[in-house]
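Observations on the three-dimensional arrangement
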Amino acid sequence: MTTILKTEGLRKVYHLGNFPRNIPVHALNDVNLNIESDEPVIISVVGESGSGKTTLAKVILRLVEPTSGKVTVQDRVVVGERGKGKPEKTEFLSTVQPIFQNPFEAFSRYRTVDSYLYETATRVKKLNKLGAIDAVEEALASVGLEYKDVRGKYPNQFSGGELQRVSIARALIPRPGIIVADEPVSMIDASRRMIIINLFLSLKQEYRTSILYITHDLATAYYISDYIAVMNHGSIVEFGKARQVLSDPQHAYTRLLLDSIPTTKKKWEREKE
Ligand SMILES: Nc1ncnc2c1ncn2[C@@H]1O[C@H](COP(=O)(O)OP(=O)(O)OP(=O)(O)O)[C@@H](O)[C@H]1O
């Protein structure tokens, strides 16, 4: 069995204000997760605003240094190991790729978006010029876009949904073990959200990539996940197979979250139409 994602004793304490009056904020409180599988999986992390979901994503993506603890992806420690053991940046990015909430912040408005894809193919995947163009074309096709329609265009020439699909294509190019997607549809036009959600399901198989889907939307989490982790106050209070967690919640906080599902689900079903 492959360790798809494992976090051990992950803590993150932010400090608000200045010494000596700073206030510690315990964003992650001993987060322990272990997902082992030989098949790619989608793991949703759900919880209210402020529960620590984004901090968890940032620590896994090495954008924030944890106070303590470590992260293993595909049997390799990627966070929390000092010195030689830790993969360098390019190697790390070929294993773990990000998708952010706002695709317009992921690309500079002064650069064509295809240049980002090309750079990922040459620098991270280490392909030559022709190989890179093939990989870019293939990744764009996988998200329903054509290279000729993307080439030479700047971010503001795309809708939010299209640009998010471009960032998904970029994340796929290195064929990473896991994609960490932090609220990837919350800023997308409601009518386009299900296109992205369904893409995740098909790409999991096509690219054999696992996805860590960070969301506050239980309905989409239920729809795409193999596993669900419920976060509250910086801790994982419940974790398990998606159906099991949502049909037979063991923790009072999960039950509380589920109480919001009837309205969320109705909203979600309207979006699907
Ligand atoms: N850079 C920071 N400095 C200080 N405190 C922070 C920082 N980033 C996050 N926090 C705090 O850490 C806690 C967890 O925040 P985090 O953004 O990880 O939660 P979240 O579940 O992703 O919330 P949301 O859904 O609103 O993004 C919150 O109390 C937040 O205010």
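Residues numbered from 1 in each chain as written. Predicted model: local features only at pLDDT ≥ 70, side-chain atom pairs only at ≥ 80, totals over all residues.

Named according to an unreviewed UniProt entry, the chain is ABC transporter ATP-binding protein originating from Reticulibacter mediterranei.

1. Brief notes about the site of the ligand
Around the ligand, the surrounding shell holds 13 residues, and the nearest of these are Tyr14, Ala27, Ser49, Thr54 and Thr55. Mapped onto the shell around the ligand, the elements with two or more residues apiece are strand E1 (3-16), strand E2 (23-36) and helix H1 (53-60). The leading source of residues in the shell around the ligand is H1, at three residues. A class-by-class count of the residues in the shell around the ligand yields four nonpolar, eight polar and one charged. (Near = placed C-beta within 6 Å. Helix = DSSP H or I, 4+ residues; strand = E, 2+ residues; numbered from the N terminus. Nonpolar A, V, L, I, M, F, W, Y, C, P; charged D, E, K, R; others polar.)

2. Looking at the sheet that holds strand E6 (residues 96-99)
Taken in spatial order, the six strands line up as E6-E7-E8-E3-E9-E10 in an open sheet, and their pairing is mixed. Two strands bound the open sheet, and with one partner strand each, they are E6 and strand E10 (235-241). If you compare each strand with its neighbour and ignore which way they point, the axes differ by 15 degrees on average. The pairing of strand E3 (residues 42-46) with strand E8 (residues 210-215) spans five bridges and is parallel. Each residue of the ladder has a partner; that of Val45, found in E8, is Ile214. The sheet contacts of helix H7 (residues 160-172) involve E6 and strand E7 (178-182), and relative to E6 the element is tilted by about 175 degrees. (Pairing = 2+ DSSP bridges. Axes fitted to C-alpha atoms, helices over the stretch in contact; angles between N-to-C directions. Contact = placed C-beta atoms within 7 Å.)

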